[in-house]
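For reference, the chains in residue letters:
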Amino acid sequence: MKETSPLNLYKLLPQTNCKKCGEETCMAFAAGLIARTRKVEECTPLIDEKKYAKKLDGLRTTVAPELKMIYVGVGERQVKVGGEDVMYRHQMTFFNKPPFAYDVADNMEEAKLIERVKKITTWRKFYIGKWQGVEMIAVRSVTDDPAKFAACVKTVMANGDGFPLILCSFNPAVLKAGLEVAAKEKPLIYAANKDNWKEVAQLAYDYKVPVTLSVPFDLDGLKSMAVTFSSMGLTDLVLDPGTAPNGKMLQQTLLNFINLRRAAVEEAQRDIAYPVMVLPINAWLTTDDPVRAAYWESVLTAAFVIRGGAIMIKHSLEPHSMMPDMHLRFNIYTDPRTPVQVKPGIYKVGNPGPESPVFLTTNFALTYYTVESDVASNNIDAYIIAINTDGIGVQASVAGGQLTPAKILDSFNEAGFDWAGQKYPAMVLPGMAAKFSGELEDLFAGKAKIMVGPEDSGRIIGWMKDFWPPK
């Protein structure tokens, strides 16, 4: 959706301010459509009343993402692939992070297969207030045996906790065997190429599943195949333009990804405006050293998370490969217009009581979770109050006026914190807000002692040994 003005979307709404969508005005609903917090279908008059049919068509066309969005899987684990509107994150934001699909193969022993599936589906990392994890499982056919592939898919489904699947083979008979088992879960099939496209197109049509088109390093050929599939009524497409793991062709791979994104977003070439698949797993073709392969796979992932990869197939489950990719993806797919925040208020760490300190910080998520982690990891039972600074860190908010003594007093009053119930009623300011201590002493008028803590929360444990409890 290139439209950024709520006013232009408002013109396509009923303009009755009926509030049936939950918003006070149609203009507020229009703003929600631009931010993707609201859906067209939530405007029930527009959907139900025939007199708005023309407006409905216009609105749906206007809000459709520049890059088509594909759904893979069913239920709460269903993933969205693509659906982006801009070339670069700073132009607005990216909405749908590329799902990571980790591979299993049909030549694995059953016990090893189940063990790997469990490892894939349970991998989690807590990062800035949110759990990061894997979204999909890619089932690869190594044996080229339809029966073995079907058995593998069945085992993965039985142990995969509903994770969406990618069924990987260039053999239509193998793909069909997998679809006989998994079609109801709406897997993505990989892939149609120049040799098998007719058979694979028929499978996608018969089983109503999204399909990947693979034409490595030939964008004209890839576009031609996309047009052919579209003319057959198959528009849930993912493009695989080829992923070279190194050398000059890696540079060509990057250029191809950029050109595909530009064609879809800036040039409105609808024929090729589909999400693009990356295969960082190809790093394993470059070396027999598993450590080097895992690191290089991570490097490829990072490059293509930034350059518009919409879905990725990966292999290494080692922390040194997975964690950098998870952290980078998280940061790229946060909204640059809004700092990552926690809800303002008082939080408990451990089991705080009357003798516990009260640490103060801001509601910038990175700051809050750093303080919480430093307190919790040192087994300190404490309260932490997160002051609403619109997601700005301590140092910047002190300088910019978002954190002030008056706001700190108001925050404690709004939280209803019981200072009288504390044996040591004291608030620990971050060292970067030390200049507020005098004014806070006056504002709190003896209700709480104002103490200045360290500038770095990593030094809280040392500060506690020297200054807590207060004398």
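Check the entry above for the structure.
Reading the values: rules and limits
Residues numbered from 1 in each chain as written. Predicted model: local features only at pLDDT ≥ 70, side-chain atom pairs only at ≥ 80, totals over all residues. Heavy atoms only, no water. Helix = DSSP H or I, 4+ residues; strand = E, 2+ residues; numbered from the N terminus. Buried < 20%, exposed > 50% of the residue type's maximum accessible area, 1.4 Å probe, protein only. Contact = heavy atoms within 4.5 Å. Areas by Shrake-Rupley, 256 points an atom, 1.4 Å probe, with all protein chains shown as cover. Lys, Arg positive; Asp, Glu negative; His and termini not counted. Charge placed at Lys NZ, Arg CZ, Asp CG, Glu CD. Pairing = 2+ DSSP bridges. Axes fitted to C-alpha atoms, helices over the stretch in contact; angles between N-to-C directions. Salt bridge = Lys/Arg side-chain N within 4 Å of Asp/Glu carboxyl O. Polar contact = N/O pair within 3.5 Å; in protein donor to acceptor, adjacent residues only side chain to side chain. 1 Å grid on protein atoms, 1.4 Å probe; cavity = no way out; pocket = protein on both sides within 12 Å on 5 of 7 lines; lining within 4 Å. Points joined across faces, edges and corners; volume = space filled by probe spheres on them. Nonpolar A, V, L, I, M, F, W, Y, C, P; charged D, E, K, R; others polar. Phe/Tyr/Trp six-rings, centres within 6.5 Å; stacked < 30°, edge-to-face > 60°. Core = buried A, V, L, I, M, F, W, Y, C linked by side-chain atoms within 4.5 Å. Expected span 1.5 Å × (residues − 1).

Explain the overall build of the protein to me, please; I cannot follow it from the model alone.
Of the regular secondary structure elements, the protein holds 17 helices and 17 strands. For the protein, the proportion of its 471 residues judged to be buried stands at 49%. Counting contacts in the protein only where the partners sit at least 6 residues apart, residues at least 24 apart contribute 66% of the total. By element, 52% of the accessible surface of the protein is carried by carbon and sulfur atoms, the whole surface being about 22000 Å². Mean positive and mean negative side-chain charge positions of the protein (53 and 53 charges, respectively) differ by 3 Å.

What is the right way to read the sheet that holds strand β8 (residues 188–192) from this model?
Working definition: the strands of a sheet are paired by backbone hydrogen bonds and lie parallel or antiparallel to each other. Strand order in the open sheet formed by eight strands is β10-β9-β8-β7-β6-β3-β12-β11, with parallel pairing between adjacent strands. Looking at strand neighbours, the two that pair on one side only are β10 (237–240) and β11 (277–278), the edges of this open sheet. In terms of strand pairing, β11 meets strand β12 (residues 311–314) through two bridges, oriented parallel. Among the inter-strand pairings, M277 is bridged to a residue of β12, identified as I311. Along the sheet, helix α7 (residues 172–182) contacts β7 (165–168) and β8; its crossing angle with β7, the most-contacted strand, is approximately 155°. Each of β8 and β9 (211–214) touches helix α8 (residues 197–207); the most contacted strand, β8, lies at about 160° to it.

It is not clear to me how the side chain of D106 should be interpreted in this structure. Could you clarify?
With respect to the element layout, D106 can be found in the loop between β3 (100–105) and α5 (110–122). Among buried Asp, Glu, Lys and Arg side chains, D106 stands out as unpaired, with R140 the closest opposite charge at 7.6 Å. In this structure the side chain of D106 is engaged in a polar contact, spanning 2.8 Å, whose partner is the backbone nitrogen of V142. Reaching out from D106, the side chain makes a polar contact with the side chain of T143 at a distance of 2.8 Å. Leave out the neighbours within four places in its chain, and D106 touches R140, S141, V142, T143, D144, D145, K148, F149 and C152.

How do you make sense of the layout of surface pockets when you look at a structure like this?
Here the idea is plain: a probe the size of a water molecule rolls over the atoms and shows the empty space left. Roughly 980 Å³ of internal volume is contained in the largest pocket. Every element with two or more residues in the lining of the largest pocket is listed here: α2 (26–35), α4 (53–63), β1 (69–72), β5 (130–133) and α12 (319–332). Residue classes in the lining of the largest pocket are distributed as 16 nonpolar, seven polar and 15 charged. One number sums up the size of the second largest pocket: a volume of about 410 Å³. Of the residues forming the lining of the second largest pocket, the biggest block, three residues, is contributed by β5. For the lining of the second largest pocket, the class distribution of residues is eight nonpolar, five polar and five charged.

Any chance you could explain the packing of aromatic side chains here in plain terms?
Any two aromatic rings considered together are summarised by their centre-to-centre distance and by the angle between their planes. This model, assessed by the stated rule, comprises 17 aromatic pairs. An angle of 80° between the planes, with centres 5.6 Å apart, marks the rings of F126 and Y369 as edge-to-face. Here F126, found in strand β4 (residues 124–127), pairs with Y369, found in helix α13 (residues 365–377); they are 243 residues apart in sequence, far enough to count as distant. Arranged with centres 5.9 Å apart and planes meeting at 80°, the rings of Y424 and W468 form a pair that is edge-to-face. Residue Y424 is located in the loop between α15 (405–415) and β16 (426–429), and its partner W468 is located in the segment after α17 (460–467); the two are separated by 44 residues in the primary sequence.

So what exactly am I meant to see when it comes to the environment of A426 here?
Relative to the assigned elements, A426 resides in strand β16. Sequence-wise, A426 and D48 are 378 residues apart; in three dimensions their C-alpha atoms are separated by 59 Å. Among all residues touching A426, those that are not within four sequence positions of it are V358, W419, K449, M451, W468 and P470.

Looking at this structure, I do not really get unusual backbone geometry. What am I missing?
The phi angle of most residues is negative, glycine excepted, and most peptide bonds adopt the trans form. For the bond from Y190 to A191, the omega torsion is 5°, close enough to zero to count as cis. The omega torsion of the bond from W468 to P469 falls at 5°, within 30 degrees of zero and hence cis. Not every positive phi belongs to a glycine, and D144 is a case in point at roughly 60°.

How do you make sense of the nonpolar core when you look at a structure like this?
Soluble globular proteins tend to pack their nonpolar side chains together in the buried interior. Core analysis: the largest hydrophobic core is formed by 61 residues, its most contacted members being V139 and L213. Here this core takes five residues from α8, the largest share from any one element. Beyond its immediate stretch of four places on either side in the chain, L213 contacts A192, L222, M225, A226, F229, L237, V238, L239 and D240.

Would you take a moment to explain α5 for this structure?
The periodicity of an α-helix, 3.6 residues per turn, causes residues three or four positions apart to be oriented the same way. The first and last C-alpha atoms of α5 sit 18 Å apart over 13 residues, in line with the 18 Å expected at 1.5 Å per residue. Against the buried residues of α5 lie β3, β6 (136–140) and α6 (146–159).

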